[in-house]
Amino acid sequence: MSDEPADRRRTVRTDLLARVEGEGAMYVELEGREVREVKLRIYEPPRFFEALLRGRRFTEAPDITARICGICPIAYQMSAVRAMEDACGVAIDDGPIRELRRLIYCGEWIESHSLHVFLLHAPDFLGYPGFVEMARDHPGIAERGLRLKKAGNAVMTRVGGREIHPVNVRVGGFYRAPTRRELADLVEPLERAREDALATVAWAAQLPFPDFTARPEVVALDEADRYPVDRGRIRSDQGLDIAPGGFDEHFVEEHVEHSNALHARIRERGSYLTGPLARYNLASQSLRPLARQAAAQAGLERTCHNPFQSIVVRAVELVQACDDALAIICAYEPPDRPAVDIAPRAGVGHGATEAPRGMLYHRYEIDEHGIILAARIVPPTSQNQLTIEEQLRAVVQANAGLGDEQLRQVCEQAIRNHDPCISCATHFLDLTVKRR
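Definitions and limits used
- Residues numbered from 1 in each chain as written.
- Predicted model: local features only at pLDDT ≥ 70, side-chain atom pairs only at ≥ 80, totals over all residues.
- Heavy atoms only, no water.
- Axes fitted to C-alpha atoms, helices over the stretch in contact; angles between N-to-C directions.
- Helix = DSSP H or I, 4+ residues; strand = E, 2+ residues; numbered from the N terminus.
- Parallel < 35°, antiparallel > 145°, perpendicular 65-115°, else oblique.
- Left-handed = near helix turned anticlockwise from the far one by under 90°.
- Contact = heavy atoms within 4.5 Å.
- Pairing = 2+ DSSP bridges.
- Nonpolar A, V, L, I, M, F, W, Y, C, P; charged D, E, K, R; others polar.
- Core = buried A, V, L, I, M, F, W, Y, C linked by side-chain atoms within 4.5 Å.
- Buried < 20%, exposed > 50% of the residue type's maximum accessible area, 1.4 Å probe, protein only.
- Salt bridge = Lys/Arg side-chain N within 4 Å of Asp/Glu carboxyl O.

## Side note on the packing of helix α6 (residues 139-160) against helix α8 (residues 187-205)
Part 1 of the reasoning: Where α6 meets α8, the closest approach of the two axes is 9 Å, and the angle between their N-to-C directions is 135°. Comparing the axis directions of α6 and α8 gives the class oblique. Of the two elements, α6 crosses α8, and the hand of that crossing is left-handed. In contact with I141, R144, R147, L148, A151 and V155 of α6, α8 contributes P189, L190, A193, D196, A197, A199, T200 and W203.

Given below as structure tokens:
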């Protein structure tokens, strides 16, 4: 606890968040132990992807949008192909092409979640400044994380052609469908990964979690009979239930003075959360039996409202993705053709899928020749931005008695609860403190 006077004013300022996706800063002002202001300022430079898409053919969208993120390229590709197929009046909601899409998405969940759990989040709980320092003392934990990530990369490579920015995804399906034998080669590494994922759930459940509760409105896709991954209606725990085409009617993105990143909210309601906690809270009953059992053994109830326990939920989703991938491979029969022919037509299409960090929405307008006239992409980070800021305020208020360095650490950990991006590296809050 700090021994500073209760009426002391202090400003905790981070002028540059190093090694994050985009550029940002954090500003906290306290008067005694009362939080006066909290701002998560994101200086994310324009990358112009939506402008780059205009004038390109609709078939180019999956490869262009994949370059938005090196960790979650499948999410951008799948949201793009779903939106383009919607614009052209085609729905691929069953059959081997749809299962291959879910399979490659499972690969992305495995590699992204394992990277976040072990390389970004675990050092916070174990008291290390980064993964390298943690690995020296806990080589078994580090090796498990790297094995899991390797297994996810193998799935993406086998189905997508390569592990970063895969090149085999297209509107209508794939350029080439793998054979049964090619997918069978993934069974052994995925079975090992499933065991590693189960061990990860048990390990994560024993970590020291701050006593903290947050109950934002949670939003995720609903696939009815399956845990949401690559399709579904948009649902919330407060009654929202819409098709992806209704996104703009119910959600809005707004500029705020202190950040270049947009803040999304639900119209007439406010902030919301998307991501692993949202998926789990809305669809834990749809987990595969093995993942559901692992969650129960970890002490998770049907819903989880401590964002610091998101590391456990991500571990449960690792089990889900490994088990789901194995089931898809076991039942796989190659399609007669790797893709459905898609003829362009003038129209507007919407697509939403579940990226590892949350729901990703795409909207495209194309003309009768398939030329993109307008594009809109709403990533999970902008949807979660306002909620992250609100939770930061609550975390700072609950820990206002801590010294500046300890407060910085708990703020880092709170941010990493929601953002598994690889660029959100450990020790990214380069803190300076101004005392008055």
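## What about the sheet that holds strand β14 (residues 372-378)?
Part 1 of the reasoning: If you walk across this open sheet you meet the 3 strands as β12-β13-β14, and the pairing is antiparallel. Both edges of this open sheet fall to β12 (347-355) and β14, since each of them pairs with a single strand only. Taken over all neighbouring pairs, the strand axes of this sheet differ in orientation by 15° on average, direction set aside.
Part 2 of the reasoning: Where strand β13 (residues 358-366) meets β14, 6 bridges bridge the pair, whose relative direction is antiparallel. When the bridges of β14 are listed, Y364 appears paired with A375.
Part 3 of the reasoning: Across the face of the sheet, helix α3 (residues 73-87) comes into contact with β12, β13 and β14 while running at roughly 150° to β12.

## Describing the packing of helix α10 (residues 276-283) against helix α12 (residues 310-331)
Part 1 of the reasoning: Packing of α10 against α12 brings their axes to within 9 Å, and their N-to-C directions diverge by 70°. Relative to α12, the element α10 is oriented roughly perpendicular. As for how α10 packs across α12, the hand of that crossing is left-handed. From α10, P276, L277, R279 and Y280 reach across to α12, where they touch S310, V313, R314 and E317.
Part 2 of the reasoning: Each residue belonging to the contact of α10 with α12 can be placed in one class, and the counts come to 4 nonpolar, 1 polar and 3 charged.

## Focus: the nonpolar core
Part 1 of the reasoning: If you look at the biggest cluster of nonpolar residues, it comprises 97 residues, and the most contacted ones within it are L103 and Y364.
Part 2 of the reasoning: When residues of this core are assigned to their parent elements, the largest contribution, 14 residues, is made by helix α4 (residues 96-126).
Part 3 of the reasoning: When neighbours within four sequence positions are excluded, L103 is seen to be in contact with V155, V159, L183, A325, I328 and I329.

## Concerning the pairing of strand β7 (residues 233-236)
Part 1 of the reasoning: Side chains I234 and S236 of β7 all project onto a buried face; the interleaved residues R233 and R235 project onto a face where none is buried.
Part 2 of the reasoning: In this sheet, strand β8 (residues 241-242) lies alongside β7 in antiparallel orientation, the contact comprising 2 bridges. Counterpart to I234 in the pairing with β8 is I242.
Part 3 of the reasoning: Adjacent in sequence and paired antiparallel, β7 and β8 are bridged by 4 residues, among which G239 carries a positive phi angle near 100°.

## As for the pattern of salt bridges
Part 1 of the reasoning: Counted under the stated rule, the structure contains 33 salt bridges.
Part 2 of the reasoning: For E31, the salt bridge identified is with R36, shortest N-O distance 3.9 Å.
Part 3 of the reasoning: Its relative accessible area of 25% is what places E31 among the partly exposed residues.
Part 4 of the reasoning: E317 is paired through a salt bridge with R279; the nearest N and O atoms lie 2.9 Å apart. With a gap of 38 residues between them, E317 in helix α12 and R279 in helix α10 connect regions that are remote in the sequence.
Part 5 of the reasoning: Its relative accessible area of 1% is what places E317 among the buried residues.
Part 6 of the reasoning: In the salt-bridge network here, residues are joined through shared partners; they are R82, D93, R98, E99, R102, E223, R226, D230, R231 and D324.

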